[in-house]
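# Examination of the molecular architecture
Below, each chain spelled out in residue letters.
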Amino acid sequence: MPRQPPPTHRLLRGRRAYVAGQDAEALAAAALTAEGWLILGQRVRTEAGEIDLIAEREGLLAFIEVKARPSFAEAAYALGPRQRARLVAAAEAWLATNPNHGSAGMRFDVMLVAADGTIRRIADAFRIEET
């Protein structure tokens, strides 16, 4: 049986980033649940892209992008215009198949997760008009 070549540095870095992203999303979901939010979906795939978390509390629907970086400053700058547009399109696709949510409105949040596991949420981080 032929031996597999060792994984490349890039592949290992990608695997670590994937696991770190999953861990950050789990921390963010737990924090939201502790605040009374109902998690409707995690890593939700739509034809327009993936949404990290979808949560609802008292009729307010939040589409949440989770960013894990070594520091809050680095995490805060990780959501550019292209990614915001993708998130809006994915939210619209999700809403088309789940119209009974968000009776009190909807918003886009960003949850920043620092390397030490500290979480900071930027509620209503951007508006659809800004994409």
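The preceding data block contains the structure.
Reference entry: report on the structure contained in this document. (Residues numbered from 1 in each chain as written. Predicted model: local features only at pLDDT ≥ 70, side-chain atom pairs only at ≥ 80, totals over all residues. Heavy atoms only, no water.)

### Here's the deal with unusual backbone geometry
Basically, it comes down to this: Helix and strand definitions here come from DSSP, where helices need a minimum of 4 consecutive H or I residues and strands a minimum of 2 consecutive E residues; each element is numbered from the N-terminal end. Three exposure classes are used, based on accessible area relative to the maximum for each residue type with a 1.4 Å probe and protein chains only: buried under 20%, partly exposed in between, and exposed over 50%.
The backbone of Arg43 shows a phi angle near 50°, a positive value even though the residue is not glycine. Relative to the helices and strands, Arg43 is located in strand β1 (residues 38-46). The exposure class assigned to Arg43 is partly exposed, which follows from its relative accessible area of 23%. Phi is positive for Asp124, close to 55°, though the residue is something other than glycine. The partly exposed category is assigned to Asp124, whose relative accessible area is 30%.

### Focus: the pairing of strand β4 (residues 105-113)
Formally: Pairing between two strands is assigned when DSSP locates at least 2 bridges connecting them.
Among the 9 residues that make up β4, 7 are buried, leaving the element largely enclosed by the rest of the structure. The pairing of strand β3 (residues 60-68) with β4 spans 9 bridges and is parallel. Across the sheet, the residue bridging to Lys67 is Leu112, located in β4. Pairing of β4 with strand β5 (residues 119-126), which is carried by 5 bridges, proceeds in the antiparallel orientation. Paired with Val110 across the bridge in β5 is Ile122. Hairpin connection between β4 and β5: a loop of 5 residues separates the two successive antiparallel strands, and Gly117 in this loop has a positive phi of roughly 90°.

### Observations concerning the packing of aromatic side chains
As a reminder of what qualifies: Aromatic pairs are defined between Phe, Tyr and Trp rings, using the six-membered ring for Trp, whenever the two ring centres lie within 6.5 Å; interplanar angles under 30 degrees are classed as stacked, those over 60 as edge-to-face, and all others as tilted.
Inspection of every chain in the model, using the stated rule, returns 3 aromatic pairs. Grouped by ring-pair contacts, the aromatic residues Phe63, Trp94, Phe108 and Phe126 constitute a single cluster.

### Section: the pattern of salt bridges
The criterion, for reference: Salt-bridge detection follows one rule: a side-chain nitrogen of Lys or Arg within 4 Å of a carboxyl oxygen of Asp or Glu.
Per the counting criterion, the structure on display carries 6 salt bridges. Measuring nitrogen to oxygen at the nearest pair gives 2.7 Å for the salt bridge that ties Arg43 to Glu25. A residue pair is termed long-range when its members are at least 10 positions apart, and Arg43 in strand β1 and Glu25 in helix α1 (residues 9-34) qualify at 18 residues. On the accessibility criterion, Glu25 (5% relative accessible area) is buried. Asp109 is paired through a salt bridge with Arg107; the nearest N and O atoms lie 2.8 Å apart. Accessibility classification places Asp109 together with Arg107 in one group, the buried group. Salt bridges sharing common partners tie together Glu65, Lys67 and Arg86.

### Here's the deal with helix α3 (residues 81-97)
Residues that lie three or four places apart on an α-helix share one face, since the helix turns once every 3.6 residues. The condition is simple: In this analysis, the expected span of each helix is defined as 1.5 Å times one less than the number of residues it contains.
An ideal rise of 1.5 Å per residue puts 24 Å on 17 residues; α3 measures up with 25 Å between its terminal C-alpha atoms. Among all positions in α3, only Arg84, Leu87, Val88, Ala90, Ala91, Ala93 and Trp94 are buried.

### A look at the sheet that holds β5
Within a sheet, neighbouring strands are paired by backbone hydrogen bonds and run either parallel or antiparallel to one another. To keep it simple, the criterion reads: With axes taken as lines fitted to C-alpha atoms, and helix axes fitted only over the stretch in contact, angles between N-to-C directions fall between 0 and 180 degrees.
Taken in spatial order, the 5 strands make up an open sheet running β1-β2-β3-β4-β5, and their pairing is mixed. Each edge of the sheet is formed by a strand with only one pairing partner; in this case those strands are β1 and β5. Strand-to-strand twist across the sheet, computed as the mean angle between neighbouring axes with direction ignored, equals 30°. Pairing geometry for β1 and strand β2 (residues 49-57), over 7 bridges, is antiparallel.

### Considerations on the side chain of Asp109
Convention followed: By the convention used here, residues are in contact when the closest approach between their heavy atoms is within 4.5 Å.
Relative to the helices and strands, Asp109 resides in strand β4. Using a relative accessible area of 0% as the deciding quantity, one classes Asp109 as buried. Setting aside residues no more than four positions away along its own chain, Asp109 makes contact with Ala62, Phe63, Ile64, Glu65, Arg121, Ile122, Ala123, Asp124 and Ala125.

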